[in-house]
Amino acid sequence: METPKIFESEYHFCEILWEQEPVTSSQLVKLCKERLEWKKSTTYTVIRRLAQRGVLKSENAVVTSLVSKEEIQSAESTEMVARRFSGSLPGFIAAFTRKKPLTQAETEEIQKIIDSFRSDTKEGL
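Now for a quick tour of the structure. Owing to the predicted nature of the structure, the values given are computational and were not obtained by experimental measurement.

The rules behind these values
Residues numbered from 1 in each chain as written. Predicted model: local features only at pLDDT ≥ 70, side-chain atom pairs only at ≥ 80, totals over all residues. Heavy atoms only, no water. Axes fitted to C-alpha atoms, helices over the stretch in contact; angles between N-to-C directions. Helix = DSSP H or I, 4+ residues; strand = E, 2+ residues; numbered from the N terminus. Parallel < 35°, antiparallel > 145°, perpendicular 65-115°, else oblique. Left-handed = near helix turned anticlockwise from the far one by under 90°. Contact = heavy atoms within 4.5 Å. Nonpolar A, V, L, I, M, F, W, Y, C, P; charged D, E, K, R; others polar. Core = buried A, V, L, I, M, F, W, Y, C linked by side-chain atoms within 4.5 Å. Buried < 20%, exposed > 50% of the residue type's maximum accessible area, 1.4 Å probe, protein only.

**Some remarks on the packing of helix H1 (residues 8-20) against helix H2 (residues 25-36)**
Then, number 1: At a closest axis distance of 11 Å, the pairing of H1 and H2 adopts a crossing angle of 130°. Classified by the interaxial angle, the pair formed by H1 and H2 is oblique. Classified by chirality, the crossing of H2 by H1 is right-handed. Here His-12, Phe-13, Ile-16, Leu-17, Glu-19 and Gln-20 of H1 lie close against H2, whose contacting residues are Leu-28, Leu-31, Cys-32, Arg-35 and Leu-36.
Then, number 2: Residues that form the contact of H1 with H2 fall into these classes: 7 nonpolar, 2 polar and 2 charged.

Printed below as a string of structure tokens:
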């Protein structure tokens, strides 16, 4: 199943949901008013739209996500690399590090991800 696309404002809403879930829709209205300066009607409209697209569900006034933050981030980053860098992850990393050099901690974390990927690939053979 393809991960649903969400817009920037919806992503900020989802961050609140992911932090608080399960959460009542009335509590979401309060949180969105505080953090996003949204009106009650805006929050309910976003809940309805995201429910229609399969991002969340709202049952008995309790809202929970159907798509995780990691799934959304993965889908968006994959799409961005495909669109802007012809699908080249090394091309993306090279462009990213031209403006923001990696810290030692970031380099080590990336190396762990690569090492984990290599070991998972070897096990799959």
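**Topic: the nonpolar core**
Then, number 1: Counting 20 residues, the largest nonpolar core has Ile-6, Phe-13, Cys-14, Leu-28, Leu-50 and Leu-56 as its most contacted members.
Then, number 2: Taken together, the elements giving at least two residues each to this core come down to H1, H2 and helix H3 (40-52).
Then, number 3: The dominant element in this core, judged by the number of residues it contributes, is H1, at 6 residues.
Then, number 4: Look past the residues within four positions of Leu-50 in its chain and what remains in contact with it is Ile-6, Glu-10, Phe-13, Cys-14, Val-55 and Leu-56.

**Thoughts on the packing of helix H4 (residues 69-85) against helix H5 (residues 89-99)**
Then, number 1: Between H4 and H5, whose axes approach to 9 Å, the crossing angle comes to 85°. The orientation of H4 with respect to H5, classified from their angle, is roughly perpendicular. Only Leu-89, Gly-91, Phe-92 and Ala-95 of H5 make contact with H4, whose side of the interface consists of Met-80, Val-81 and Phe-85.
Then, number 2: Of the residues contributing to the contact of H4 with H5, the split by class is 6 nonpolar, 1 polar and no charged.

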